[in-house]
Amino acid sequence: MSHSDGLVHRRNVNRSTADSVNQNNDNNEDKRRNSNGGEEDLEDGDSKDTRLTLMEEVLLLGLKEKEGYTSFWNDCISSGLRGCILIELALRGRIELEKAGMRRKTLLNRKVVVTRNEQATGDVLLDEALKHIRETTQPETVHSWIEYLSGESWNPLKLRYQLRNVRERLAKNLVEKGVLTTEKQNFLVFDMTTHPLTDNLIKTKLVKKVQDAVLSRWAGEASRMDRRILALLFLAHASDVLENAFSPLSDDDYEVAMKRVRDLLDLDLEAEAARPNANELMWAVISAFVK
């Protein structure tokens, strides 16, 4: 690390211009933090072509950079990606949990998912899942939808809800965004299409964002954290890929990061979902993975 890392470099800026910029930044930050169920929260500085969804971020964390595929032993990432899809739809204001009556308080895992906005998102996977939720005759819980979308349901009538080839489709999205490329790899018995990493900067930024969330930018309270990064931490852990982001850390930083992740996992999810401006469906998805 160079000696200049972490230092603040002073710049001469016109005071009126600086005040205007600071005011605009504060307004943008307030809109981002206070938005509840609207369009997805976007990070400043990210170009439209390299903006990633939660599903793409989790897949990228789990992808072997040179080999271009996820671990064959990872049985968690399939359902984790379906959870990402539900949270992404919730953050974009397309779905929500049913509203409880004044006298009735229902647990998160018993509330059913309902459509809030039927407008297409422009993402094929999200729109396919939204179509299934919209057209179902009997509303289902978050846990049920994770099973249906991942094809783990024993009900043959629900198999039509399964989202197929999710990892492959997400990888193709990342190829279109210039993050991955497409290759053929021979495994003696069979050939497989792989997607090695081509844009190291995007992966590096993603890993640093995850690390910073539990280290330099650690807020100490879940309610003070950005909802998108909070969801990423939980779903990356549920998908068994969070370790990949922490492995480059020093031993001390690794211990701190894992302790803070354990603190998040020990939260009272019902209480977090009941906070003002909380995205209830996001916490319902998290509760489906945190036992």
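Keep in mind that what you see is a predicted model, and the values were worked out from it rather than measured.

The rules behind each value
- Residues numbered from 1 in each chain as written.
- Predicted model: local features only at pLDDT ≥ 70, side-chain atom pairs only at ≥ 80, totals over all residues.
- Heavy atoms only, no water.
- Phe/Tyr/Trp six-rings, centres within 6.5 Å; stacked < 30°, edge-to-face > 60°.
- Helix = DSSP H or I, 4+ residues; strand = E, 2+ residues; numbered from the N terminus.
- Buried < 20%, exposed > 50% of the residue type's maximum accessible area, 1.4 Å probe, protein only.
- Contact = heavy atoms within 4.5 Å.
- Core = buried A, V, L, I, M, F, W, Y, C linked by side-chain atoms within 4.5 Å.

(A) Seen up close, the packing of aromatic side chains. Counted under the stated rule, the structure contains four aromatic pairs. The interplanar angle of 80° and the centroid separation of 5.7 Å between the aromatic rings of Trp145 and Tyr148 together place this pair among those described as edge-to-face. In this pair, Trp145 and Tyr148 are both assigned in helix H5 (residues 142–150), three residues apart and thus about one turn of the helix distant. Pair check on accessibility: Trp145 and Tyr148 agree, each one buried. By the ring-pair criterion, three or more aromatic residues cluster together here, those being Trp145, Tyr148 and Tyr161.

(B) Broad picture of the environment of Arg167. With respect to the helices, strands and loops of the structure, Arg167 is situated in helix H6 (residues 166–176). Classification of Arg167 by relative accessible area gives partly exposed; the value is 31%. Taking the C-alpha atoms as reference, Arg167 lies 9.1 Å from Tyr69; in sequence the two are 98 residues apart. With residues up to four places along the chain from it excluded, the contact list for Arg167 reads Leu59, Thr70, Ile77, Ser78 and Leu81.

(C) Representation of the nonpolar core. Counting 77 residues, the largest nonpolar core has Leu86, Val142, Phe246 and Trp283 as its most contacted members. Here the element with the most residues in this core is helix H3 (residues 77–91); it accounts for nine residues.

Any link to function would need more than the numbers given here.
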